[in-house]
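Spelled out from the first residue to the last, the chains are:
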Amino acid sequence: MLRTTASRVLDDNDRDEVLALLDTDPVANVFVASRVRSVGLNPARLGGQMWGFGPRGGLTSLCYAGANLVPVHAGPEAVHAFADRARRQGRRCSSIVGPADAVEPLWERLEPYWGPARAVRWAQPLMATAAPSPIPSDPLVRRVRPEEFETLFPACVAMFTEEVGISPEAGDGGALYRSRVAELIRIGRSYARIDDGTVVFKAEIGAVTPQACQIQGVWVDPAWRGRGHAATGMAAVVEQALACFAPVVSLYVNDYNAPARAAYRKAGFTEVGTFMSVLF
């Protein structure tokens with residue numbers, strides 16, 4: 001039987017130690033690090049708890065337990081401890097996501113209690129670039145303006161539904177999702193090519209730290225696919241991200257999405273790791 005130390009709930013007193021651990025892999029940890037840097041570790045502001053694990057009160061592993069369950073630097077003992085806490089607490093998240101070498105054993109321990117999952121994405125290449133794209137960028141890709149929210153929002157819903165398999169308007173009628181889309185527009189992290197009221201390409205920079213940022217929500221209107229808009233659009237977003245937000249730009253993508261992976265490679269991204277997602 002695996003011997004382990006119990007995990008503990010962290011608070012703002014642990015912030016410096018948490019950030020130091022997150023910064024050891026700024027690309028893989030950008031989502032969690034951006035949350036901690038923005039709001040700290042108070043559960044009310046964080047939107048969940050941050051669990052810590054380590055010998056004798058030390059901190060070697062983390063797990064963000066909010067809308068997503070995200071293990072960080074979690075080896076076998078940490079996975080065991082986090083799974084035990086998650087099982088006792090009950091499922092409160094809509095997904096488990098993170099490095100595959102931690103998510104897979106975490107899901108193995110939780111599946112008997114939380115399963116079945118709606119979908120499991122076993123291999124999602126984590127890709128990154130620190131240089132402008134080697135191809136010309138689409139000059140028509142730009143920041144979305146606040147008054148264009150109603151134009152952009154249907155494209156965001158279509159992207160989410162296509163990617164996740166359910167509509168973001170289910171449950172609360174889309175209130176939380178609308179708020180998130182509007183916020184990304186407001187802070188200048190939503191980009192699109194809009195031709196005569198049609199969103200041809202769109203993407204958002206969903207997480208930002210001083211070391212890295214992460215692109216999410218990449219989508220091309222189905223009527224415009226196969227014409228290279230994903231690659232040139234991503235080149236434009238990378239150019240803006242490097243200039244305005246962070247020295248490394250990252251994303252993760254489903255392994256079976258060959259067109260997207262090809263477009264990202266063309267835009268200059270290379271694979272630096274593997275994520276896994278369990279969707280509920």
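Residues numbered from 1 in each chain as written. Predicted model: local features only at pLDDT ≥ 70, side-chain atom pairs only at ≥ 80, totals over all residues. Heavy atoms only, no water.

### Here we look at the overall build of the protein
The cut-off we apply is this: To qualify as a helix, a DSSP run of H or I must reach at least 4 residues; to qualify as a strand, a run of E must reach at least 2; elements of each kind are numbered from the N terminus. Each radius of gyration is computed over the set of C-alpha atoms, and the globule rule expresses the reference value as 2.2 Å times the number of residues to the power 0.38. Note on exposure labels: buried denotes an accessible area under 20% of the residue type's maximum, exposed denotes more than 50%, and partly exposed covers the range between, all computed with a 1.4 Å probe on protein chains only. Residue contacts are defined here by distance: any two heavy atoms, one from each residue, within 4.5 Å place the two residues in contact.
Scanning the protein from terminus to terminus reveals nine helices and twelve strands. For a compact globule of 280 residues, the expected C-alpha radius of gyration is about 19 Å, and the protein comes in at 19 Å, within 12% of that figure. Across its three principal axes, the protein shows a C-alpha extent of roughly 60 × 35 × 35 Å. Per-residue burial over the protein gives 49% buried out of 280 residues. Taking contacts inside the protein between residues at least 6 apart in sequence as the whole, the part at least 24 apart equals 69%.

### A word on the state of the cysteines
Applied cut-off: Note that a disulfide, as used here, is simply two cysteine sulfur atoms within 2.5 Å.
Under the counting rule described, the total for this entry stands at zero disulfides. Of the cysteine sulfurs around C93, a residue in no disulfide, the closest is that of C63, at 8.8 Å.

### Thoughts on the packing of helix α6 (residues 149-164) against helix α7 (residues 175-186)
The condition that has to hold: Fitted lines through C-alpha atoms serve as axes, helices being fitted only where they are in contact, and the angles separating the N-to-C directions of these axes extend from 0 to 180 degrees. In these notes the angle categories are as follows: under 35 degrees is roughly parallel, over 145 is roughly antiparallel, 65 to 115 is roughly perpendicular, and the rest is oblique. Definitions for this section: a left-handed crossing has its near helix turned counterclockwise from the far helix by less than a right angle. A right-handed crossing has that turn clockwise. In this count, Pro and Cys sit with the nonpolar residues alongside Ala, Val, Leu, Ile, Met, Phe, Trp and Tyr, while Asp, Glu, Lys and Arg are called charged and the others, Gly among them, polar.
Axis separation between α6 and α7 bottoms out at 11 Å; the angle between their running directions is 120°. Accordingly, the angle class assigned to the pair α6 and α7 is oblique. Seen from above, α6 lies across α7 with right-handed handedness. Contact residues: F149, E150, L152, F153, C156, V157, M159 and F160 in α6; Y177, R178, V181, A182 and I185 in α7. When the residues that make up the contact of α6 with α7 are grouped by side-chain class, the tally is eleven nonpolar, no polar and two charged.

### Some remarks on the sheet that holds strand β12 (residues 270-279)
Cut-off, in case you're wondering: The pairing criterion is simple: DSSP has to find at least two bridges between the two strands.
Here twelve strands make up an open sheet; going across it, the order is β1-β2-β3-β4-β5-β12-β6-β11-β10-β9-β8-β7 and the pairing mixed. Looking at which strands have only one partner, the edges of the open sheet turn out to be β1 (8-9) and β7 (142-143). As judged from the eight bridges shared by strand β6 (residues 119-129) and β12, these two strands associate in the antiparallel manner. Within β12, the position partnered with M127 by the bridge is E271. Sheet strands touched by α7: β8 (190-195), β9 (198-208) and β10 (213-220). Its angle to β9, the strand with the most contacts, is close to 85°. The strands touched by helix α9 (residues 258-266) within the sheet are β6, β10, β11 (249-252) and β12, with β6 carrying the most contacts at an inclination of about 10°.

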